[in-house]
Amino acid sequence: MIGFVLTSWKLSQPQHSILEKNHKKICKKPYIPCFQICCSVGERREIGFVGIQHAGILVENTDIALKFYTQVLGMEDASIERPNLPYKGAFIRVGPQQQIHLMELPSVDPKTGRPTHGGRDRHIAFEVENLSALIGRLEQFGHPFTYSKSGRKAIFCRDCDGNALEFMERNS
């Protein structure tokens, strides 16, 4: 049995006040009481998370996005595995068990006004065996990228729709 505990209902007013005070110190944003979900180590083992299977990315034009991910980045088109959905899209294989699902759907996210460096925006991170080879491809296609600000062997770029992507060399 999975025993999620909704502790928000059991907190006293003084406890909520402490949470609110600490929240303001850390987040600098308004505190909104919400459910605090607790899950024990045993329950996490019972669930058995094994990884991320795919990430969905909204795109304006599937064909253009597919060319970027396959021809520029060198990922594999796995659209043959895509079921018949009521919108255009594509599946991209990233690793043995991971995919990107391109979905041609309206996006409320702005393309402009985003941070230049993708590491300061929401992003998806990928491990690669040879970062230099990927940098070479991006340079070959004249696609802009930035180096990680942390000093790690990693780069950031954006796809044609402004989605931020991070690439880090495995074991670096």
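Residues numbered from 1 in each chain as written. Predicted model: local features only at pLDDT ≥ 70, side-chain atom pairs only at ≥ 80, totals over all residues. Heavy atoms only, no water.

Visitor: Account for the pairing of strand S9 (residues 154–158), with residues named and values stated.
Guide: Counted residue by residue, S9 has five buried out of five residues, so it is predominantly covered. Here S9 shows two buried faces, one formed by Ala154, Phe156 and Arg158 and the other by Ile155 and Cys157. In this sheet, S9 lies alongside strand S8 (residues 146–147) in antiparallel orientation, the contact comprising two bridges. Along S9, the bridge assignment pairs Thr146 with Phe156. Here S8 hands over to S9 after six residues, with Gly151 in that stretch at a positive phi of 90°. Direction of pairing for S9 relative to strand S10 (residues 164–169): antiparallel, over a ladder of five bridges. (Buried < 20%, exposed > 50% of the residue type's maximum accessible area, 1.4 Å probe, protein only. Helix = DSSP H or I, 4+ residues; strand = E, 2+ residues; numbered from the N terminus. Pairing = 2+ DSSP bridges.)

Visitor: Report on the pattern of salt bridges, specifying residues and quantitative values.
Guide: Counted by the stated rule, this structure contains 12 salt bridges. Put simply, Arg93 and Glu81 hold a salt bridge, and the shortest N to O gap is 2.3 Å. Within this pair, whereas Arg93 is found in strand S5 (residues 89–93), its partner Glu81 is found in the loop between strand S4 (76–77) and S5, the two being separated by 12 residues in sequence. With a relative accessible area of 22%, Arg93 lands in the partly exposed category. Between Asp121 and Arg158 there is a salt bridge whose closest N-O contact spans 2.9 Å. Of this pair, Asp121 sits in the loop between strand S6 (99–104) and strand S7 (123–128) while Arg158 sits in strand S9, and the two are 37 residues apart along the sequence. Exposure remark for Arg158: the relative accessible area of 17% places this residue in the buried category. Taken together, the shared-partner salt bridges in this structure form one network comprising Glu60, Lys111 and Asp161. (Salt bridge = Lys/Arg side-chain N within 4 Å of Asp/Glu carboxyl O.)

Visitor: How would you sum up helix H4 (residues 131–140)? Please name residues and give values.
Guide: The set of residues buried in H4 consists of Leu131, Leu134, Ile135 and Leu138. For H4, the buried positions fall inside an angular range of 100° around the axis, keeping them on one side. Next to the buried residues of H4 lie helix H3 (62–72), S7, S8, S9 and S10. For H4, the N-terminal capping position is held by Asn130, with its side-chain oxygen 3.1 Å away from the main-chain nitrogen of Ser132. Two residues or fewer past H4, Gly142 is found with a positive phi of approximately 65°. (Arc of directions from axis to C-beta. Contact = heavy atoms within 4.5 Å. Polar contact = N/O pair within 3.5 Å; in protein donor to acceptor, adjacent residues only side chain to side chain.)

Any functional reading would require information beyond the geometric quantities listed.
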